[in-house]
Amino acid sequence: MPFKRDRKKHWDRVYKKNLPSEVGWYQDYPEISLKLIAITEVGADGSIIDIGGGTSKLPGILLDQGYKRLTVLDISGNSIEKAKTQLVEKSSRITWIEADVTKYSFKEKYDVWHDRAVFHFLTEGEDRKEYINVLNQALMLNGHLIIATFGLDAPPKCSGLPVVRYEPETLHNELGDNFILAETFFEDHVTPSGVRQKFIFCRFIKRA
Ligand SMILES: C[S@@+](CC[C@H](N)C(=O)[O-])C[C@H]1O[C@@H](n2cnc3c(N)ncnc32)[C@H](O)[C@@H]1O
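Notes on the structure follow.

**Structural notes on the site of the ligand**
Inference 1: Around the ligand, 21 residues are found, and the nearest of them are W11, G52, G54, S56 and R116.
Inference 2: Listed by contribution, the elements that provide at least two residues to the shell around the ligand are α1 (2-17) and β2 (69-74).
Inference 3: The class makeup of the residues in the shell around the ligand is nine nonpolar, eight polar and four charged.

**Remarks on the nonpolar core**
Inference 1: Formed by 44 residues in total, the largest nonpolar core has its most connected members in I48, W113, L145 and F201.
Inference 2: A total of six residues in this core trace back to one element, the largest contributor, which is strand β5 (residues 139-150).
Inference 3: For I48, the residues in contact, after removing those within four places along its chain, are I37, L62, Y67, R69, L70, Y110, D111, V112 and H114.

**Details of the environment of C158**
Inference 1: Residue position: C158 is located in strand β6 (residues 157-158).
Inference 2: Residue classification places C158 among the partly exposed residues on the basis of 19 C-beta atoms within 10 Å.
Inference 3: Those residues in contact with C158 that lie beyond four places of it in its chain are G24, A117, H120, F150 and V163.

**Concerning helix α2 (residues 31-40)**
In an α-helix, one turn spans 3.6 residues; hence positions three or four apart end up facing the same way.
Inference 1: All of the buried residues in α2 are I32, S33, L36 and I37. Looking down the long axis of α2, one finds its buried residues gathered within 135° of arc, a one-sided arrangement. Facing away from the buried side of α2, by more than 90 degrees, are the exposed residues E31 and A38.
Inference 2: The inward-facing, buried residues of α2 contact β1 (47-51), α3 (58-64), β4 (110-116), β5, β8 (179-190) and β9 (196-206).

**Concerning the sheet that holds β2**
Inference 1: Judged by pairing direction, the sheet is mixed, and its seven strands sit side by side in the order β3-β2-β1-β4-β5-β9-β8 without closing on themselves. Of all the strands in the sheet, the pair left with one neighbour each is β3 (94-98) and β8. The average angle at which neighbouring strand axes cross in this sheet is 15°, direction not considered.
Inference 2: The sheet contact formed by β5 and β9 spans seven bridges and is antiparallel. Residue pairing for β9: A148 is matched across the bridge by F201.

**Digging into the environment of T149**
Inference 1: By the secondary structure assignment, T149 is in strand β5.
Inference 2: In sequence terms T149 and I97 are 52 residues apart; their C-alpha atoms lie 22 Å from each other.
Inference 3: The residues touching T149, leaving out its near neighbours within four places in the chain, are A117, F119, H120, Y166, L171 and I200.

**Some points on helix α4 (residues 77-87)**
Inference 1: Of all the residues in α4, the buried ones are S79, I80 and A83. Along the axis of α4, the buried residues cluster in a sector spanning 100°; they form a single face.
Inference 2: Backbone geometry just after α4 places V88 at a positive phi near 50°.

**Focus: unusual backbone geometry**
Inference 1: Phi angles above zero are rare outside glycine, and A117 is one such case at about 65°.
Inference 2: Checked against the element boundaries, A117 lands in the loop between β4 and α5 (125-138).
Inference 3: At N142, a position not held by glycine, the phi torsion is positive, near 65°.
Inference 4: As for its position among the elements, N142 is in strand β5.

**Concerning the environment of I32**
Inference 1: Following the sequence through the fold, I32 ends up in helix α2.
Inference 2: Assessed through the 20 C-beta atoms surrounding it within 10 Å, I32 is described here as buried.
Inference 3: With 155 residues separating them in the primary sequence, I32 and E187 have C-alpha atoms 8.2 Å apart.
Inference 4: If near-sequence neighbours (up to four positions away) are discounted, I32 is found in contact with F185, E187 and F201.

Each value, and the rule that gives it
Residues numbered from 1 in each chain as written. Predicted model: local features only at pLDDT ≥ 70, side-chain atom pairs only at ≥ 80, totals over all residues. Near = placed C-beta within 6 Å. Helix = DSSP H or I, 4+ residues; strand = E, 2+ residues; numbered from the N terminus. Nonpolar A, V, L, I, M, F, W, Y, C, P; charged D, E, K, R; others polar. Core = buried A, V, L, I, M, F, W, Y, C linked by C-beta atoms within 7 Å. Buried ≥ 20, exposed ≤ 12 C-beta atoms within 10 Å, placed from the backbone. Contact = placed C-beta atoms within 7 Å. Arc of directions from axis to C-beta. Pairing = 2+ DSSP bridges. Axes fitted to C-alpha atoms, helices over the stretch in contact; angles between N-to-C directions.

Structure follows, in C-alpha cells:
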C-alpha cells in the first residue's frame, strides 16, 4: 500500500509546516489523558509511553507532576525535534524513539501505554494486528492501555487522512479479550480552526 511508505513523509511535512499550537489535535492541557493516567495509580516510578506523542504537552506536564520514567515514540523525526525544543532542558529527562509503532520491537515493558489519535489512522486490519502485537509485547501484565480515537460522530478524516471511528465496544472488540475495559470518557475536541471532533477515551487493563 503506497501510503505505508509515505506515512513518515506525511507526518514530517505536517510538523515542518505547522507550529505545535496550529495542528488540529492541539490541546493546551490534555485533561482527560492526565486524569486517566492519575487513575492508574502507577505513581512517579511507573513507566509511561506516549505513542505518537507528536508535540503534545502531555510529557512535559507529567514531568512537572513528578513522573520520572517517560518515553515518547513518534514516526516523525520533525515532531520529536519540535517536542524537544518545546521542552528545552527538560527534554533530556525523556526517552525519545523515532519509529513506526507497528514495526517497532520494544526492549522494555511499560506500566502505561498512552495513545491519543494514532491507532485510528490504522485503516487496514493487518496494521491494526501489528500494532496490537507490539502493544501486547510492550505492556506489562495488569498494565494500563489509555487510548483515544475519533468517535462515531467525528469527521471521517484527521490530518487529511482517513480514520477508523470507534465506540468503546468496537475498540474493545478490536483489541481482544485480554483487555478489560475499565472506563470511558467522551470529549468534544475543538481544533484551533474551530472544528468540533468527538473523541472517545478508554482505559483498558491487560489481563494477568
Ligand atoms: C493526530 S497526531 C496526535 C499527536 C499526539 N498524540 C497528541 O495527542 O497531541 C498523530 C501522531 O501520531 C504520529 N504517528 C502516526 N502514525 C504513526 C505510527 N505508525 N507510528 C508512530 N507514530 C505515528 C504522528 O507523527 C503524530 O505525531
